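Report on the structure
The residues making up each chain are set out below.
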Amino acid sequence: MIDNFIDKKTEKYLLDKLKKLDNNNFHDGMEIEYILYNKLKNEFKVLISDGYESSYEDTIDVFSNRVTNEMYVPEWDFNFDYYVFNELEIKGNRLLYVSPNTHHGLWNSLHELYPNDIDCKKGVQKYLKFCKQNNITKETIERYCEFSKLPEDCMKFYNGKDKER
């Protein structure tokens, strides 16, 4: 089984690298929520959060090895449809990592909003394909997650027909 959850040592390394790249203290006490990679732009988008109200989305250029954009994301403004599913619809973007707590939030969001209140349905399919390819299941998320049980298995929404761009 491929386990797409990274260990704390690897996460600490990535956070330390982010801190070194942008030379600030915004990342103290934060965890990586997800990592997207755009092969056309050769850059990473990393969302980090303190788990409560502070989140930052850092864009890292692979060639220059520096943060090219850092954006504060207020808790009240964050939604998975825009920050994850929409990003997955952009040509060249793919998910590399999603934390257990973010998977939990994504699945709860899908349970509550899919299909009627989600705009980026192709992005949902790419996310669910990522879950299938990495053996991310309801049981896996619940095992690694500190929150309560998930209401349903969201893999029932996966149609298996999405194509990589």
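One can find the structure itself at the top, above this paragraph.
All of the points below concern the structure found in this document. (Residues numbered from 1 in each chain as written. Predicted model: local features only at pLDDT ≥ 70, side-chain atom pairs only at ≥ 80, totals over all residues. Heavy atoms only, no water.)

1. Some points on the overall build of the protein
- Along the backbone of the protein there are five helices and five strands.
- Of the regular secondary structure in the protein, the N- to C-terminal order runs α-β-β-β-β-α-β-α-α-α.
- Taking all 165 residues of the protein together, 50% fall into the buried category.
- Of the accessible surface of the protein, which amounts to about 9400 Å², a share of 50% is contributed by carbon and sulfur atoms. (Helix = DSSP H or I, 4+ residues; strand = E, 2+ residues; numbered from the N terminus. Buried < 20%, exposed > 50% of the residue type's maximum accessible area, 1.4 Å probe, protein only. Areas by Shrake-Rupley, 256 points an atom, 1.4 Å probe, with all protein chains shown as cover.)

2. Some details on the nonpolar core
- One finds Phe85, Trp107, Leu110 and Tyr127 to be the most contacted residues of the largest nonpolar core, which totals 30 residues.
- Taken together, the elements giving at least two residues each to this core come down to strand S1 (31-38), helix H2 (80-89), strand S5 (93-98), helix H3 (100-113) and helix H4 (121-133).
- Dropping the residues within four chain positions of it, Tyr127 is found in contact with Phe85, Leu88, Leu95, His103, Leu106, Trp107 and Leu110.
- Judged by nonpolar contacts, the second largest core, of nine residues, contains Met30, Ile32, Tyr56 and Ile60. (Core = buried A, V, L, I, M, F, W, Y, C linked by side-chain atoms within 4.5 Å. Contact = heavy atoms within 4.5 Å.)

3. A look at the environment of Phe85
- Residue placement: Phe85 occurs in helix H2.
- Measuring from C-alpha to C-alpha, the distance between Phe85 and Gly123 comes to 4.1 Å, with 38 residues separating the pair along the chain.
- Ignoring anything within four residues of it in the chain, the contact list for Phe85 reads Phe80, Leu106, Leu110, Ile118, Cys120, Gly123, Val124 and Tyr127.

4. Topic: the layout of surface pockets
- When its volume is computed, the largest pocket comes out at roughly 550 Å³.
- Lining the largest pocket are 23 residues, with Glu33, Ser49, Gly51, Tyr52 and Asn101 sitting closest to its centre.
- When residues of the lining of the largest pocket are traced back to their parent elements, those giving at least two are S1, strand S2 (43-49), strand S3 (54-61) and H3.
- Sorting elements by how many residues they give to the lining of the largest pocket places H3 first, with five residues.
- Its residues assigned to classes, the lining of the largest pocket shows six nonpolar, 11 polar and six charged. (1 Å grid on protein atoms, 1.4 Å probe; cavity = no way out; pocket = protein on both sides within 12 Å on 5 of 7 lines; lining within 4 Å. Points joined across faces, edges and corners; volume = space filled by probe spheres on them. Nonpolar A, V, L, I, M, F, W, Y, C, P; charged D, E, K, R; others polar.)

5. Focus: H2
- A large share of H2 lies buried, amounting to seven of its 10 residues.
- Every buried residue belonging to H2 is among Phe80, Asp81, Tyr83, Val84, Phe85, Glu87 and Leu88, and all of these are buried.
- Among the residues of H2, the N-terminal cap falls to Asn79, whose side-chain oxygen and the backbone nitrogen of Asp81 are separated by 3.1 Å. (Polar contact = N/O pair within 3.5 Å; in protein donor to acceptor, adjacent residues only side chain to side chain.)

6. Focus on the environment of Asn38
- As for its placement among the helices and strands, Asn38 is situated in strand S1.
- Between the C-alpha atom of Asn38 and that of Asp61, which follows or precedes it by 23 residues, the distance is 9.9 Å.
- Filtering out sequence-adjacent residues up to four positions away, Asn38 remains in contact with Glu43, Ile90, Lys91, Gly92 and Asn93.
- A polar atom in the side chain of Asn38 sits 2.8 Å from the side chain of Asn93.

7. Overview of the packing of aromatic side chains
- All chains considered together, the criterion is met by seven aromatic pairs.
- Put simply, the rings of Phe78, Phe80, Tyr82 and Tyr83 pair up and form one aromatic cluster. (Phe/Tyr/Trp six-rings, centres within 6.5 Å; stacked < 30°, edge-to-face > 60°.)

8. Side note on the state of the cysteines
- Scanning all chains against the criterion turns up zero disulfides.
- You can see Cys154 has no disulfide; the closest cysteine sulfur is in Cys131, sitting 9.0 Å from it. (Disulfide = S-S within 2.5 Å.)

9. Describing the side chain of Ser49
- With respect to the secondary-structure elements, Ser49 resides in strand S2.
- There is a polar contact of 2.9 Å between the side chain of Ser49 and the backbone nitrogen of Gly51.
- One polar contact links Ser49 to Ser55, side chain to side chain, over a distance of 3.3 Å.
- The contact partners of Ser49, leaving out residues within four places of it in the chain, are Gly29, Met30, Glu31, Glu33, Ser54 and Ser55.

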